[in-house]
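# Remarks on the overall topology
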Amino acid sequence: MIRSFCRTFALAAILSVGARAQTPRLAFPEPSPDVTVSNDVRFGSAGGVTLEMDVYQLPRTAGKLRPALVFFNRASGSAERQSALYVGWARTAASRELVGIVPDLRGGSEANDFQALMDYLTRHGADIGVDGSAIAVYAASGNVATALPLLEDPRQTAIKAAVIYYGTAPITTFRRDLPVLWVRAGLDRPDVNEQILTLASRAIAQNAPVTLLNHPTGYHGFELFNDDDATHDVISRTLMFVVHATWPGYRAALASGLAEAAAAGNMQTGNYHEAVSLYGNLVRARPDDLRLRLSYGEALLAERQYASACTLFESLKGKGLGPRDVGVPASRACAQAGNADAAIAWITSIPERFRPPALVSDPAFAALRARSDFRALFPRR
């Protein structure tokens, strides 16, 4: 929290100095002059305070709704929503057929104000040209500490995509239904980038749809400070990500694969019992899916259900799967199930050039090492 506050304060201070020297602007070619802005659009109220937003978009077409990109930044009132950085972002997003939204998010009430905004956009988004089923959120720097826990809350299903710029938050579990573009500024402070690497690695291990985009020559706040082609590319790819991640076809594909993605994520993070349960359900629904059955067998092996795994792998013999892909886990399962002959048969089925030499010292085969037919499978050892 201290680091996040310091990061926010430092960026604000730099912007203040920059504002005195020259008006800062988004480091990107000027957006379309056709972009319009509707200021002070009411989206809710709290404690007698009216909550408003500025809405940026291209001229509306009857019957056409566009995805929204909400800029999560602490603001209260019209003047604070006029930050050059967020005005530039919102106008640029609008140029790419998105609706850029800069809302009131009051200090200390960000979560409540943000929820009011989500409620408005999902229920009344069409009134301002927004597709309420295609909402993305951008958060950067110190704002990430507040925004990311909200975005990764599994109850926030209205949020279909997130863009995180050079910031972190203490997330332990990532949503598998939320595509995230995490942008790293390569010239940022080492501790910030170390935390980003740790969190992005955790998300990938959980098989969450996280994409890490590295800007190796970018400073913290590169959208203002690095006006070059490398920054232009990152901003362009960011907006393309939002367009693609909110596209109905992509959302449908992501939703259809959630159960299998969760099973794989549990395998990667060592939650083998849950992986077995999930894969078992999937196999019962899709019994002819060979790759799914292979994954189920690997989960059974990891859960130490050796006999069940050995039996399952036997059903995959001669089905066209890669001989190493099925032969290695099958031999391990059968060896530990006490079926030495089956284990050796599986190793033999792997062509020698693909047979991992490390199997000879694999603890799973400790009981087989005295057998001459096992040693003969590894002549070079």
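Figured I'd write up the structure that's included with this text.

Rules used in this analysis
Residues numbered from 1 in each chain as written. Predicted model: local features only at pLDDT ≥ 70, side-chain atom pairs only at ≥ 80, totals over all residues. Heavy atoms only, no water. Phe/Tyr/Trp six-rings, centres within 6.5 Å; stacked < 30°, edge-to-face > 60°. Helix = DSSP H or I, 4+ residues; strand = E, 2+ residues; numbered from the N terminus. Buried < 20%, exposed > 50% of the residue type's maximum accessible area, 1.4 Å probe, protein only. Lys NZ or Arg CZ within 6 Å of the ring centre and 35° of its normal. Contact = heavy atoms within 4.5 Å. Salt bridge = Lys/Arg side-chain N within 4 Å of Asp/Glu carboxyl O.

### Describing the packing of aromatic side chains
On inspection of all chains with the given rule, the structure shows 14 aromatic pairs. Centre to centre, the rings of F71 and Y138 are 5.3 Å apart; their planes meet at 55°, and the pair counts as tilted. Placement of F71 in strand β3 (residues 66-72) and of Y138 in strand β5 (residues 130-140) is noted, with a sequence separation of 67 residues between them. We note that F71, like Y138, is buried. Centroid distance W89 to Y138: 5.0 Å. Interplanar angle 50°. Geometry classified as tilted. With a gap of 49 residues between them, W89 in helix α2 (residues 84-95) and Y138 in strand β5 connect regions that are remote in the sequence. With respect to burial, W89 and Y138 carry one shared label: buried. An aromatic cluster is present here, built from F71, Y86, W89, Y138, Y165, Y166 and F222 joined pairwise through their rings. Seen from the ring of W346, K317 lies directly overhead, with NZ or CZ sitting 4.8 Å from the centre.

### Considering helix α4 (residues 144-151)
In terms of burial, α4 is largely enclosed, as six of its eight residues are buried. Within α4, burial applies to V144, A145, A147, L148, L150 and L151.

### A look at unusual backbone geometry
Even without being a glycine, Y166 presents a positive backbone phi close to 30°. Within the element layout of this structure, Y166 appears in the loop between β6 (159-165) and β7 (180-185). A positive phi angle is found at R304, which is not glycine, with a value near 65°. Within the element layout of this structure, R304 appears in the loop between α11 (290-302) and α12 (306-314).

### Considerations on the side chain of S236
Along the chain, S236 turns up in helix α7 (residues 229-245). Apart from the residues lying within four places of it in its own chain, the contact partners of S236 are F28 and R96.

### Considerations on the pattern of salt bridges
Evaluation of the coordinates by the stated rule reveals 18 salt bridges. Notably, a salt bridge pairs R286 with E260, separated by 3.3 Å at the nearest N-O pair. Taken together, the residues span a long stretch of sequence, with R286 in the loop between α10 (272-285) and α11 and E260 in helix α9 (residues 258-268) at a distance of 26 residues. With relative accessibility at 33%, the residue R286 sits in the partly exposed group. Take E260: its relative accessible area is 30%, and that puts it in the partly exposed class. One continuous salt-bridge network, built from bridges that share partners, spans D40, D54, R81 and D104.

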